[in-house]
Amino acid sequence: MGLSRKDILDIDSLSVDEIQTILDTADGLKEINSRPIKKVPTLRGKTVILFFHEPSTRTRTSFDIAAKRLSADSISISASTSSMVKGETLIDTAKNLEAMSPDIIVLRHASSGAPYLLAKTLSASIINAGDGMHAHPTQALLDMMTVREEKGRLEGLRIAIIGDIAHSRVARSNVAGFTKMGAEVCLAGPPTMIPYGVDTLGAHVTYDMDEAIEGADVVMTLRIQRERQKSFLFPTEREYAKRYGLTPDRLKHIPPDALIMHPGPINRGVEIAPEIADGPYSVILDQVANGVALRMSLLYLLGGGVRNADDH
Ligand code: CP
């Protein structure tokens, strides 16, 4: 079964059934990544362009690996090495890329809404790989995949998301995704990093980290996004770590089977203590591993891939 949509732009527009299809497909494709020969012919002849206007390690690499494991041809371009530095607009650049007949364009852009503009203009499928402070749907989907894999369900779980909520597209997409799938989400951070009106997203909001993590099944910490802040919104990193950092002391108050998550990149010793990031409750690298399978799922479902018996 595929998805009857052209683009993946946000979580809000996905139905519960579509999210389940994406996660189930990712679960099925994940096994390919542990084979000696990690490649199937499913998307042979398809072309995927990775168009990244902001730095990325995990998202860009995992989309590239995902495309290659499905035998699609993937091409990566960034703003700094494209003719955008000579003044070409985003839309002109995108139209020129489309003239080369790609099937899917994966876009990361600093401006919220940029992927919607491309989706409206181009006939290629557009996947939002993060737009400004707005949405990061593929991160939320891989986070849901990881939690479902570990906990066996999403419904009824308590998810605490801690940190710079105001500037976090990951937080917005995760609130949309987890609440849609029947989990409860609690957001916590300093008042300067909690945006006005965030309670309308359907999450409980508090400035008290200890209240947020009490009884949580999942604790997700977020990086302070200095690149999106006009001024530092907390006196010092040390003070931030004391009030909102996940420390061994705080871990004592979390249920022993709670999952510790982080979308990365991590600032060790600020939002999360190194021994917790590397500790037994951390699924941070499982999130990264699942990112490949989840992105394979999206490319497969949007790219109209056909799985043959010998793909298995
Ligand atoms: N989580 C995430 O989007 O990481 P990258 O910025 O490295 O892609």
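In this text, all values refer to a predicted model and were calculated from it rather than measured experimentally.

Q: Help me understand the overall build of the chain, please; the structure alone is not making it clear to me.
A: Helix and strand counts for the chain come out as 11 helices and nine strands. For the chain, whose C-alpha radius of gyration is 19 Å, the value lies close to the compact-globule estimate of 20 Å for 312 residues. In the chain, the proportion of contacts linking residues at least 24 apart, taken out of those at least 6 apart, comes to 74%. Carbon and sulfur atoms make up 52% of the accessible area of the chain, which amounts to about 13300 Å² in all.

Q: What's the story with the site of the ligand in this structure? I'm lost.
A: Around the ligand, the surrounding shell consists of Ser56, Thr57, Arg58, Thr59, Arg108, His136, Gln139, Pro263 and Gly264. A distance of 2.9 Å separates an oxygen atom of the ligand from a polar atom in the side chain of His136. Interatomic distance of 2.9 Å between a backbone N/O atom of Pro263 and a nitrogen atom of the ligand. When atom positions are compared with the pocket grids, the ligand is found to occupy the largest pocket. Taken together, the residues of the shell around the ligand break down into one nonpolar, six polar and two charged.

Q: Explanation requested: the packing of aromatic side chains in the structure shown.
A: A full pass over the atoms with the stated rule returns one aromatic pair. Their ring planes at 40° and their centres at 5.7 Å tell us that Tyr240 and Tyr244 sit as a pair that is tilted. Placement of both Tyr240 and Tyr244 in helix H8 (residues 237-244) is noted, with a separation of four residues, approximately one turn of the helix. Of the two residues, Tyr240 and Tyr244, both sit in the buried class.

Q: How should I be thinking about unusual backbone geometry in this particular structure?
A: With the exception of glycine, most residues fall at negative phi, and the peptide bonds are largely trans. The step from Gly264 to Pro265 runs through a cis peptide bond, and the omega angle for that step is -5°. Its location among the elements puts Pro265 in the loop between strand S9 (259-261) and helix H10 (274-277). Its identity as a non-glycine residue notwithstanding, Ser71 has a phi of 70°, on the positive side. Looking at where Ser71 falls in the secondary structure, it is placed in the loop between helix H2 (58-69) and strand S2 (73-78). Positive phi, normally seen in glycine, also occurs at Ser101, with a value near 60°. Along the polypeptide, Ser101 turns up in the loop between helix H3 (90-98) and strand S3 (104-109). Classification of Ser101 by relative accessible area gives exposed; the value is 53%.

Q: Just checking my understanding: could you explain the nonpolar core for this structure?
A: Buried together is how nonpolar side chains tend to be arranged in soluble globular proteins. In terms of nonpolar packing, the biggest core is built from 62 residues, with Leu141 and Leu299 touching the most fellow members. If we ignore the near neighbours within four places in the chain, the residues touching Leu141 are Ile11, Leu14, Ile19, Ile22, Leu23, Leu294 and Leu298. Among the nonpolar cores identified, the runner-up in size contains 24 residues, and Ile162, Ala216, Leu246 and Ile260 belong to it.

Q: What should I look at first to understand the sheet that holds S9 in this one?
A: Pairing between the strands of a sheet comes from backbone hydrogen bonds, and it takes one of two forms, parallel or antiparallel. Strand order in this open sheet of five strands is S7-S6-S5-S8-S9, and the pairing throughout is parallel. Of all the strands in the sheet, the pair left with one neighbour each is strand S7 (204-206) and S9. Adjacent strand axes in the sheet meet at a mean angle of 20°, parallel and antiparallel pairs treated alike. Inspection of the sheet shows strand S5 (residues 158-162) paired to strand S8 (residues 218-221) by four bridges, in the parallel sense. Residue Ile161 lies in a different strand from S8, and its bridge partner there is Met220. Of the strands in this sheet, S5, strand S6 (184-188) and S8 touch helix H6 (residues 169-180), which is tilted by about 160° from S6.

Q: Would you explain helix H4 (residues 114-121) in this entry?
A: Owing to its 3.6 residues per turn, the α-helix brings residues three or four apart onto one side. Buried within H4 we find Ala114, Pro115, Leu118 and Ala119. Down the axis of H4, the buried set is contained in an arc of 135°. They therefore lie on one face. Close packing links the buried residues of H4 with H3, S3 and strand S4 (125-131).

Q: I tried to follow the environment of His134 on my own but got confused; where do I start?
A: Take His134: it is sitting in the loop between S4 and helix H5 (137-151). Each C-alpha atom, one on His134 and one on Thr206, is 21 Å from the other, the two residues being 72 residues apart in sequence. In this structure, His134 is in contact with Ser112, Tyr116, Arg169 and Arg172, ignoring residues within four places of it in sequence.

Q: Even after reading the chapter, I still don't get the environment of Ser82, so can you show me in this structure?
A: Within the fold, Ser82 resides in the loop between S2 and H3. You can call Ser82 buried: its relative accessible area is 11%. Taking the C-alpha atoms as reference points, Ser82 and Val198, 116 residues apart in sequence, are found 36 Å from one another.

Q: Which parts of the structure should I look at to understand empty space enclosed by the protein?
A: Taking a probe equal in size to a water molecule and rolling it over the atoms shows the remaining empty space. Applying the stated rule across the entire model yields two cavities of 30 Å³ or more. Of the volumes computed, that of the largest cavity is approximately 60 Å³. No other element matches the four residues that helix H11 (residues 284-303) contributes to the lining of the largest cavity. Looking at the lining of the largest cavity residue by residue, the class counts come to three nonpolar, four polar and two charged. Lining the second largest cavity we find Ile165, Ala171, Arg172, Val175, Leu187, Pro195, Val198 and Leu201. Ranked by residue count, the leading element in the lining of the second largest cavity is H6, at three residues. When grouped by side-chain class, the residues that make up the lining of the second largest cavity number seven nonpolar, no polar and one charged.

Rules and cut-offs
Residues numbered from 1 in each chain as written. Predicted model: local features only at pLDDT ≥ 70, side-chain atom pairs only at ≥ 80, totals over all residues. Heavy atoms only, no water. Helix = DSSP H or I, 4+ residues; strand = E, 2+ residues; numbered from the N terminus. Rg over C-alpha atoms; globule rule 2.2 N^0.38 Å. Contact = heavy atoms within 4.5 Å. Areas by Shrake-Rupley, 256 points an atom, 1.4 Å probe, with all protein chains shown as cover. Near = heavy atom within 4 Å. Polar contact = N/O pair within 3.5 Å; in protein donor to acceptor, adjacent residues only side chain to side chain. 1 Å grid on protein atoms, 1.4 Å probe; cavity = no way out; pocket = protein on both sides within 12 Å on 5 of 7 lines; lining within 4 Å. Sits in = over half its atoms within 2 Å of the grid points. Nonpolar A, V, L, I, M, F, W, Y, C, P; charged D, E, K, R; others polar. Phe/Tyr/Trp six-rings, centres within 6.5 Å; stacked < 30°, edge-to-face > 60°. Buried < 20%, exposed > 50% of the residue type's maximum accessible area, 1.4 Å probe, protein only. Core = buried A, V, L, I, M, F, W, Y, C linked by side-chain atoms within 4.5 Å. Pairing = 2+ DSSP bridges. Axes fitted to C-alpha atoms, helices over the stretch in contact; angles between N-to-C directions. Arc of directions from axis to C-beta. Points joined across faces, edges and corners; volume = space filled by probe spheres on them.

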